Amino acid sequence: MPMRQMKESSEKHIVIKPQLQNTMNEVQKPSKAAQNGKGPPAQEPQNTKLHNQTSPPSRNRGRRRRRGGRKSDQADVFMRPSSRPCTGEHKAGPGQLTGDVEADIPNGSIENGTNGNSCEVEMGLGFPCSRKSLNFAPRPGFGQLGTKCVVKANHFFAELPNKDLTQYDVTITPEVVSRTVNRAIIAELVKVYKESDLGKRLPAYDGRKSLYTAGELPFVRKEFNVKVVDEEDGINGPKREREYKVVIKYVARANMHHLGQFLAGKRVDAPQEALQILDIVLRELSTKRYCPVGRSFVSPDIRKPQRLGEGLESWCGFYQSIRPTQMGLSLNIDMACAAFIEALPVIEFVAQLLGKDVISRPLSDADRVKIKKGLRGVKVEVTHRGNVRRKYRVSGLTSQPTRELVFPVDDNSTMKSVVEYFQEMYGFTIQHTHLPCLQVGNQKKANYLPMEACKIVEGQRYTKRLNEKQITALLKVTCQRPRDRENDILQTVQHNAYDQDPYANEFGIKISEKLASVEARVLPAPWLKYHETGKEKDCLPQVGQWNMMNKKMINGMPVNRWACINFSRGVQESVARGFCNELALMCQVSGMEFNPEPVIPIYNAKPEQVEKALKHVYHASMNKLKGKELELLLAILPDNNGSLYGDIKRICETELGLISQCCLTKHVFKISKQYLANVSLKINVKMGGRNTVLLDAISCRIPLVSDIPTIIFGADVTHPENGEDSSPSIAAVVASQDWPEVTKYAGLVCAQAHRQELIQDLYKTWHDPVRGTVSGGMIRDLLVSFRKATGQKPLRIIFYRDGVSEGQFYQVLLYELDAIRKACASLEPNYQPPVTFIVVQKRHHTRLFPNNHRDRSSTDKSGNILPGTVVDSKICHPTEFDFYLCSHAGIQGTSRPAHYHVLWDENNFTADGIQSLTNNLCYTYARCTRSVSVVPPAYYAHLAAFRARFYMEPDMQENGGGGSQVGKNTHANRESGVRPLPALKENVKRVMFYC
């Protein structure tokens, strides 16, 4: 159907909203068969209505009607829903759609052809344009569904202080960049002046510009002179002193009454200043004792460091954060671990880094590059000057060995070798003159230091990417069973002894030493539907998992034309052929039609000739097929394949339009039925099939999904690794392409500015010389794609957004919800489906433990809480709509629940509604027969964003200089200086290529 072009920017928008019968299924008693897991729940008659309480209207949107509107069937010219009934298994949904004209607003409407920050304003909706007027969705009540239980959380109740907290501004002259030095200056000031000028107050300091006290200081402004010993001087004898001028000036008093009201649920705006002060106070003593890493504290004294390989070691410690919760203030304590550079002699560090003896063997050019990367920016101290331990930061590595290095020693350009200089000046004989020297200082005046005369300074965190072996070693250190982790957390709290903390006592903060006991519920697993031809047509997962035995994929796709390319020298053709036969057989058994014969014989190729080999197989197959498309390419890869995997995906998906499935050599030699079954699941969804669907989905029984066409989005942004200063961030958005099944997801990705969290390409407009103002963007494209795939336009949007920290909630919601609005309005001015916007967080430190570790009925095999455990009280937000959901069964270590925060809800979800939907969706993840820890649309978005990094040109990946978008909308990227990526081929874009 042709799309109506958007009107002029001044056009008024008539916003038509569906009047939803917002109901929830009552919890009905299941049949005996359903209770004992032997059969699915009985299906309701086709005309049965959902009879339950209507949810209270959301405070986010109103229902005021205006005159002059049209009914929805008249207004929906752009994307009229098809009249396809939900027949057979697709029964009619209970929700009735009526044309409810809500608003006709001349000002603040979504304007056509602009990229402004104007927000849509509807009568009754009142979507704000600024953070000040924005309130997140309030909690609609607490969930009731599921089996009630009690869990323990690593939250410790913190008693609110009854003292006035005062903030002061700190100015240090000369200005100091280092927080450590700043703290040393203020510590000395407190030591000298506490009993006199500070009125016996013990202040807490943030290391920058703010000082906090319990009660006011006896002055409004005062100047102090402070002398501090220069610890960096590096001399064990008399050290140099530096003098600083410190000005302390009164700023404000923190409003503790406001905080008390907020915790009691009487105010919705969190007093961030008061929370920040309390956080700083409780961190003050640990900052002096340990090494701060973000919000964590680590030390080699807490637990013995473990070697990670290549000169790195693990330092263990704890994470600490003060949080507002329903039970009041809570101190969240968790175990933490970080990688540090081991304090080794430099020669020993280099030997570990290279994995070989460097004293007796010469260095290659590759070795020099690796040493330079490994040591650049690292602090070293000299060891050849007795009690003088001066410290330097490494800036580079000499290109010549030490024995060839000379430098001028006077103005007459008298040259002297480094070997002679160290012998004459310090009586130090350099033994290993074949090694290069370290360069320290700046480029204009670089000093040479022999490697054997230097040692790495202790306490330097390693911030670059760890390799696979180091990650494995670090995971061994951090992976703890729930009982062990709980005990370590309790020991940490006892060791920190907050009751004896002078800062906590000064400010009147008291911390409980008991884990919070929290009421929870275990949500039931959903019934899954498989194909009618299998022995088992329905399946009820047990403890978060099931298998494909006796089941067939509900929509198995045919694979008639495929080829295989072998990049592994160790795999003989007969072995590769046997593996392909086994895989084809498994696909057939699982419900796919899979031709056992490849189009051309298995092709052997070298990894370094990947592009040539892929194009050869592609063209040879096309010639054999006489113009028909090759449907699937299997690729056998060496176990350690470097960039080969990424190269295959980039070439296949952006150049050739091929769907590919890569398999490692170790799986080819050791064929496992479980592995083959998982690969067949991936192949099927890449071909456009479905493995399973929720029984309630095809029976049209999911509240606020089955009643009207609903699209579910997932979005994520992945950022470059630390140390990559110019690489782009990659944003990905996926959206369901089937209804009522909501199982298949199409995805789009784009590159955007370095470390930009807001997704820039959700909605875009640009000027085309022929067409004029053109609208585009990922939301718009996926809405159109949904219409083409289902024959219906989405009348409800559910948007799961991953990767957003709490501090970014407001700006992400304001920007991205506005983009969703504009994308919808660009398709039809009166097209504004209601939106529910949910942030998904995994990078938090809340852990849930069984109340009784010995009770096997309340734990899974790994000792973790059961899958489906949900918590929405006590440790959750005082007023906002959030919950913790552990939707997966643990494998090893302690399970991390996902934290879902509903920021905006125009669909009036109940707590049970959104919690059940989210939990049930976790059983539809395509790549395995387990429920997953994060809702699949968010998971898929993360996979798609990760895949897009491979699309960057190889030189751009190394140099960190480019990136772009996959898709059509590269105009804005060119304007912002972000290099376009090659576009995904259309046949790839339509399927779940990222699986």
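Note that the structure is a prediction, hence the values are computed from the model and not measured.

1. Focus on the overall build of the protein
What the protein contains, in helices and strands, is 24 helices and 42 strands. Buried positions account for 56% of the 995 residues belonging to the protein. Of all intrachain contacts in the protein linking residues separated by at least 6 positions in sequence, the fraction that spans at least 24 positions is 73%.

2. Some details on the pairing of strand β9 (residues 241-253)
In terms of strand pairing, strand β5 (residues 165-173) meets β9 through eight bridges, oriented antiparallel. Residue pairing across strands places T171 opposite V247, the latter belonging to β9. Taken together, the nine bridges between strand β8 (residues 221-229) and β9 define a ladder with antiparallel strand orientation. By the bridge assignment, V229 is partnered in β9 with E241.

3. Details of the pattern of salt bridges
For the structure on display, the rule yields 41 salt bridges. With a closest N to O distance of 3.8 Å, K529 and D538 form a salt bridge.

4. Describing the sheet that holds strand β27 (residues 562-566)
Strand-to-strand pairing in sheets goes through backbone hydrogen bonds, with the strands running parallel or antiparallel. Reading across from one edge, β28-β27-β29-β30 is the order of the four strands in this open sheet, with parallel pairing throughout. A strand with exactly one partner marks an edge of an open sheet, and here the two such strands are β28 (603-604) and β30 (660-664). As judged from the five bridges shared by strand β29 (residues 632-637) and β30, these two strands associate in the parallel manner. Across the sheet, L633 pairs through a bridge with S660, a residue of β30.

5. A closer look at the nonpolar core
Ranked by internal contacts, the top residues of the largest apolar core, which has 92 residues, are I683, Y800, Y900, Y940 and Y994. Among the nonpolar cores identified, the runner-up in size contains 54 residues, and L211, V226, Y244 and L278 belong to it.

6. Digging into the sheet that holds strand β26 (residues 538-539)
If you walk across this open sheet you meet the three strands as β26-β25-β31, and the pairing is antiparallel. Taken across any chain shown, the strands that pair with only one partner, and hence form the sheet edges, are β26 and β31 (693-694). As defined by bridge partners, strand β25 (residues 528-529) adjoins β26 across two bridges and the pair is classed as antiparallel. Along β26, the bridge assignment pairs L528 with C539.

7. Let's talk about the environment of I798
Residue placement: I798 occurs in strand β37 (residues 796-802). Judged by its relative accessible area of 0%, I798 falls in the buried class. Counting along the chain gives 94 residues from I798 to L704, while the straight-line C-alpha distance between them is 9.7 Å. Once you skip the residues sitting within four places of it in the chain, I798 turns out to touch L704, V705, T710, I711, I712, F713, T836, I838, F909 and L917.

8. Points about unusual backbone geometry
Cis peptide bonds are those with omega within 30 degrees of zero, and the linkage from T173 to P174 qualifies with -5°. Relative to the assigned elements, P174 resides in the loop between β5 and α3 (179-193). A cis amide bond, omega 15°, links W739 with the succeeding residue P740. Relative to the helices and strands, P740 resides in the loop between β33 (729-736) and β34 (745-752). The phi dihedral of N550 falls on the positive side, at around 65°, and the residue is not glycine. Among the secondary structure elements, N550 is positioned in the loop between β26 and β27. For K874, which is not a glycine, the phi torsion comes out positive at approximately 60°. Tracing the backbone through its elements, the reader meets K874 in the loop between β40 (869-871) and β41 (881-886). With relative accessibility at 31%, the residue K874 sits in the partly exposed group.

9. Structural notes on the pairing of strand β3 (residues 147-153)
Of the strand pairs in this sheet, β3 and strand β24 (residues 516-522) are connected by seven bridges, and their pairing is antiparallel. Bridged to V150 within β24 is E519. Pairing of β3 with strand β39 (residues 848-850), which is carried by three bridges, proceeds in the antiparallel orientation. By the bridge assignment for β39, K152 is matched with F849.

10. Things to note about the packing of aromatic side chains
Throughout the structure, instances matching the rule amount to 25 aromatic pairs. With centroids separated by 4.5 Å and ring planes inclined at 20°, the aromatic side chains of Y925 and Y939 adopt a geometry described as stacked. Pair noted here: Y925 is in the loop between α20 (911-921) and α21 (936-948) and Y939 is in helix α21, with a separation of 14 residues, a long-range link. On the basis of relative accessibility, which here comes to 5%, the residue Y925 falls in the buried class. Look at Y939 and you get partly exposed, because its relative accessible area is 26%. Judged by centre distance (5.6 Å) and plane angle (45°), the rings of Y940 and Y994 are tilted. Here the residue Y940 occupies a position in helix α21, and Y994 occupies one in the segment after α24 (986-989), the gap between them amounting to 54 residues.

11. Description of helix α12 (residues 573-589)
Here α12 contains 17 residues, and its C-alpha end-to-end distance of 24 Å stays within 8% of the 24 Å for a straight helix at 1.5 Å per residue. The complete set of buried residues in α12 reads A576, F579, C580, L583, A584, M586 and C587. For α12, the angular spread of the buried residues around the axis is 160°, confining them to a single face. One or two residues past the end of α12 sits G591, with phi positive at roughly 115°.

12. Quick look at the environment of G556
Note that G556 resides in the loop between β26 and β27. Separated by 34 residues in sequence, G556 and S590 place their C-alpha atoms 7.8 Å apart. Beyond its immediate sequence surroundings of up to four residues, G556 is in contact with G591, M592, N684 and R690.

13. Things to note about the environment of Y421
Within the element layout of this structure, Y421 appears in helix α8 (residues 418-426). For the pair Y421 and V409, spaced 12 residues apart in the sequence, the C-alpha separation amounts to 9.2 Å. Not counting the four nearest positions on each side in its chain, Y421 is found in contact with F407, K416 and Y426.

14. Considerations on the confidence of the model for the protein
Per-residue confidence for the protein gives a mean pLDDT of 85, with 83% of residues at or over 70. In the predicted structure, residues 1-38 sits below a pLDDT of 50 and forms 128 contacts with residues beyond four places in sequence or in another chain. Scored below 50 in pLDDT, residues 43-126 shows 221 contacts in the model against residues more than four places distant or in partner chains.

15. A short note on α20
Three or four residues apart is the spacing at which side chains of an α-helix point the same way, because the helix has 3.6 residues per turn. Burial analysis of α20 places 11 of its 11 residues in the buried class, which makes it a mostly covered element. All of the buried residues along α20 are A911, D912, G913, I914, Q915, S916, L917, T918, N919, N920 and L921.

Scoring rules and cut-offs
Residues numbered from 1 in each chain as written. Predicted model: local features only at pLDDT ≥ 70, side-chain atom pairs only at ≥ 80, totals over all residues. Heavy atoms only, no water. Helix = DSSP H or I, 4+ residues; strand = E, 2+ residues; numbered from the N terminus. Buried < 20%, exposed > 50% of the residue type's maximum accessible area, 1.4 Å probe, protein only. Contact = heavy atoms within 4.5 Å. Pairing = 2+ DSSP bridges. Salt bridge = Lys/Arg side-chain N within 4 Å of Asp/Glu carboxyl O. Core = buried A, V, L, I, M, F, W, Y, C linked by side-chain atoms within 4.5 Å. Phe/Tyr/Trp six-rings, centres within 6.5 Å; stacked < 30°, edge-to-face > 60°. Expected span 1.5 Å × (residues − 1). Arc of directions from axis to C-beta. pLDDT = per-residue confidence, 0-100.

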